[in-house]
Each structure stands twice: as structure tokens, then as C-alpha cells.
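# Tertiary structure, described
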Amino acid sequence: MIPFTMHGSHILSTGSAVPEICINNDLLSTVLDTSDKWISTRTGIKERKIIAENQSIIDLANIAANKALHKGLLQPTDLDLILFSTSTPHDLFGSASKLQYSLGATNAAAFDITSACSGFVIALIVAHQFIQTGIYNNILIIGADTLSQWVDWSDRTTCILFGDGAGAAILQKKQQNDILAFEINTDGSESQQLSINYKYPTKTNSKPNINKQFIAKSSQQYEYLTMNGKEVYKFAVSKVPYSITNCLHTTSLKAKDITWLLLHQANQRILETVANKLQIPMDKVLSNIEFYGNTSAASIPIALDEAFSTGHICNQDVIAIAGFGAGLTWASILIQWSTIEQ
Ligand code: COA
């Protein structure tokens, strides 16, 4: 029998990219019945970056990926797998293959993972499985979303929350293992709380007109993003602390051992409530929501990249990361950051 060895996953490097167009709360207040005061006190958001008409999610992902490759001293051809986490694909058949081509990552398999704001954490956990079993050596994980293209900009209850962006991380096979624990959860019974539904053609009693025009028209329609803000808020602050605690229980660590709490950047009040429930002080909570709003799958890797680049995250720091959102899904992962190769 061939002996089976588990391998360690090491986060080699990170990268991120946000568009240049900046929409601040004051600008939004000129077109919507809202105010900087309402938005910033209820959400912590001051501004969001949105993609230009001639830009695509692939462009953003490409910049983030190239930064991660550069920092990790890797060539695109060193990649074995690309996991592209997005809910706002450039092409419903997937974005990963387009990114593979634009990077020139000719040796990499590539596929998409759709799991909204939990997507990056879930992709990281999926990548960890491929590394642990020894199948792949270098995996690029992308979290990218352009929800500005899917929200109704006349709906003040949703559009104020979202922004666009991309983040990247490279997971590498090593002897050391940076991933201490993880869990993924889903409650599909509550999926209606946050969704972008396919818009079915209005039902008529007449026979469907199966001609090219009908098919083309009916296949292009999606509703705008809809959300029950209060329910999503309650879901996040109840499930996330429990999930992080579950992860801690599978290790010998306690909440006090967490160096950084990195939550999906949905709302500053959610960050504060979760931290409070875990008895983690706010100076250990990473937050950049003020500048980007909720960038969905991109929010965690952007914050991770910024915290590492600015020297906040250091060798051996324990980072508790949790994503949550549409699905409803939520996923947590505990990482011990290591900058020194073993
Ligand atoms: N500007 C001004 N007023 C607004 C507004 C805006 N942008 N959006 C809503 N309002 C109004 C409402 O119409 C309501 O008015 P009323 O009292 O006259 O009916 C009032 O403000 C309160 O609205 P409510 O929906 O109760 O506010 P809230 O305190 O629940 O905050 C959210 C709304 C969306 C900020 C909050 O529910 C939230 O953040 N939820 C989580 C959403 C989230 O994170 N989603 C993504 C998860 S991945």
C-alpha cells in the first residue's frame, strides 16, 4: 500500500486591487434621499470604489493576482490551480478560465466558486484540501466582485452598502501548516434574505414563443440585488461568533489568543457586535470598510493584503477570519500567519 502523507498549507503572499472611481457618501446624497451621517453611523462606510465601464472583473483580478505572484516570487506558469470566487462573473460560464488566460498561467486548472461574501474563505478551505492531499503545490485564490453592476442605484436601502474590488492569496504546499481550523455552514432556507434572482419571463396563457428573439430576451434578465437588511444583520451577529468559537474549540486556543479578527467587511456595527460577543477588543479588529464598503468576496483578501503590507500582521500572529452572506452561507478559518519559511 502507498503511504498517505498530509501536507501543510502556507499563505505565501497576497495582493489586491480596487477601481479608481470613488463615490463618497456626499456624492450619493446628491442623487438619493440619504446623507453621509445616516450611512456612516449605520454602516461605517464613507466611500466605495466602483468599476469603470471599460473595466471588467478580470482586469481587477489580474492586478491583484500579479501583485501576489510578484510578492511570492512566482511566475504565472508556477500555478497549478486558480480558484476564482465571485458572484458577479464577467461570464456566467465562469471567470477563472479568462483569468488563467490573461495571466498566462498555462499550467493551471481553473474554476469558479460562487458563494457570495463567504466565497474567499470557502475557496481558501477548498484550496487547503488540494494542498493537504499533495495534489497541487501552488494555488491562486481570488475573491473578486463588482456588485455595483448588480445593485439598483436608485434603492437607498442597498446601493449605499456595496463597492467593487479584488483580492488574491497564494497557498503553497509546505511542511509547516498555517491553517489551524475551519468550518463551512449553509442555511438555504433563508436564501431569500439576500439574492440576485433570475427574472423569469412573465407567465401568459398563450403558447411560449420559442423563437430566437424570445430565447435571447428571456435569458438575459436578472433582478437587482434584494436584501432584508435587518434579518441579514441578525444572522451575521448570531452565527459568526458561534462559528469562530467552534474553530477555536478544535484547537487549544482561546479567543484571547486571537491576534487579529478579520471579518467580512459588511457593516462596522456587525464587526463591533461580533467582536464584543467574542470579548475581543476593537484594536484587534481589522477594518477598512470606511474606504471600500462591502466588496463581497473581495473584502477579506483586500483587508488581509492591506494589513500584511502595512506591517499590522506579523509572524506567528493568529488570525480568525469569517465570511458570511447570501446563501445564506458563513465560513470561518483560523490561521497562524508565518512569514518565515520552514
Ligand atoms: N439613507 C437614509 N435613510 C435610509 C436609508 C438610507 N440609505 N436606508 C434606509 N433608510 C431609512 C428607512 O427607510 C427607514 O425609515 P423609516 O424608519 O421611516 O421606515 C430607516 O432608515 C431605518 O431603516 P432600517 O432598515 O430599519 O435601518 P437599519 O438600522 O436596519 O440599517 C442596514 C439598515 C442595511 C444598514 C442594516 O440593516 C444592515 O447593515 N444590515 C446588514 C446588511 C448587510 O450587511 N448585508 C450584506 C451582508 S453580506
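Since the model is a prediction, treat every value here as computed from it, not as a measurement.

This part takes up the nonpolar core. Within the largest apolar cluster, 43 residues are counted, with the highest numbers of intra-cluster contacts made by Ile244, Leu261, Leu263 and Phe324. In terms of residue count, the dominant contributor to this core is helix α7 (residues 229–249) (eight residues). In terms of domain composition, this core takes at least three residues from each of domain 1 (8–177) and domain 2 (180–190 + 225–336). With sequence-adjacent residues up to four places away left out, Leu263 is seen in contact with Val240, Ile244, Leu271, Val274, Ile300, Ala322 and Phe324. Residues Phe120, Ala127, Ile179 and Leu262 belong to the second largest nonpolar core, which totals 31 residues.

Note on pairing: side chains with opposite charge can pair once their charged atoms come close. If you walk through the whole model with that rule in mind, you get seven salt bridges. The partner of Lys46 in a salt bridge is Asp36, with the nearest N and O atoms 3.0 Å apart. Taken together, the residues Lys46 in the loop between α2 (36–43) and β3 (47–50) and Asp36 in helix α2 connect sequence positions 10 residues apart. The partly exposed category is assigned to Lys46, whose relative accessible area is 34%. For Asp257, the salt bridge is made with Lys256, and the minimal N-O distance between the two is 3.5 Å. Residue Asp257 is classed as partly exposed on the basis of its relative accessible area of 28%. Look at Lys256 and you get exposed, because its relative accessible area is 65%.

Moving on: the sheet that holds strand β4 (residues 81–85). With mixed pairing, the five strands of this open sheet are ordered in space as β1-β7-β6-β4-β5. If you trace the sheet from one side to the other, it starts and ends with β1 (8–17) and β5 (109–113), each paired once. This sheet shows a mean twist of 20° between the axes of neighbouring strands, independent of strand direction. As judged from the nine bridges shared by strand β6 (residues 138–146) and strand β7 (residues 164–174), these two strands associate in the antiparallel manner. Across the sheet, the residue bridging to Asp145 is Gly165, located in β7.

This paragraph deals with the UniProt feature "active site" (unreviewed entry) in the protein. According to UniProt, the positions carrying the feature "active site" (unreviewed entry) are Cys117, His264 and Asn294. These annotated residues cover 178 residues of sequence, and their C-alpha atoms all fall within 8.8 Å of one another, placing them together at a single site. Lining residues of the largest pocket drawn from the annotated set just named are Cys117, His264 and Asn294. Tracing the backbone through its elements, the reader meets His264 in the loop between β11 (260–263) and α8 (268–277). Given the relative accessible area of 1%, His264 is considered buried. Once residues lying within four places of it in the same chain are set aside, the contact partners of His264 are Cys117, Leu271, Asn294, Ser296, Ser299, Ile300, Ala322, Gly323 and Phe324. Structurally, Asn294 can be placed in the loop between α9 (289–292) and α10 (299–309). Take Asn294: its relative accessible area is 6%, and that puts it in the buried class. Apart from the residues lying within four places of it in its own chain, the contact partners of Asn294 are Ile45, Cys117, Leu161, Phe162, Gly163, His264, Gln265 and Ala266.

Attention shifts here to the sheet that holds β11. Read from one edge to the other, the open sheet built from four strands follows the order β8-β13-β12-β11, with strand pairing classed as mixed. For this open sheet the edge positions go to β8 (179–186) and β11, each flanked by a neighbour on one side alone. This sheet shows a mean twist of 10° between the axes of neighbouring strands, independent of strand direction. Sheet analysis places strand β12 (residues 318–325) next to strand β13 (residues 329–336), joined by eight bridges and oriented antiparallel. Bridging across to β13, Gly323 finds its partner in Ala331.

This part is about the layout of surface pockets. The computed volume of the largest pocket comes to approximately 1,100 Å³. Phe162, Leu194, Leu225, Met227 and Val232 are the residues nearest the centre of the largest pocket, which is lined by 48 residues in total. Elements with a contribution of two residues or more to the lining of the largest pocket: α2, β9 (194–195), α7, α8 and β12. Shared between two domains, the lining of the largest pocket takes at least three residues from each, and those domains are domain 1 (8–177) and domain 2 (180–190 + 225–336).

Rules used in this analysis
Residues numbered from 1 in each chain as written. Predicted model: local features only at pLDDT ≥ 70, side-chain atom pairs only at ≥ 80, totals over all residues. Heavy atoms only, no water. Core = buried A, V, L, I, M, F, W, Y, C linked by side-chain atoms within 4.5 Å. Buried < 20%, exposed > 50% of the residue type's maximum accessible area, 1.4 Å probe, protein only. Helix = DSSP H or I, 4+ residues; strand = E, 2+ residues; numbered from the N terminus. Domains from an automatic or database assignment. Contact = heavy atoms within 4.5 Å. Salt bridge = Lys/Arg side-chain N within 4 Å of Asp/Glu carboxyl O. Pairing = 2+ DSSP bridges. Axes fitted to C-alpha atoms, helices over the stretch in contact; angles between N-to-C directions. UniProt positions renumbered as here; feature names shortened; annotations may be inferred. 1 Å grid on protein atoms, 1.4 Å probe; cavity = no way out; pocket = protein on both sides within 12 Å on 5 of 7 lines; lining within 4 Å. Points joined across faces, edges and corners; volume = space filled by probe spheres on them.

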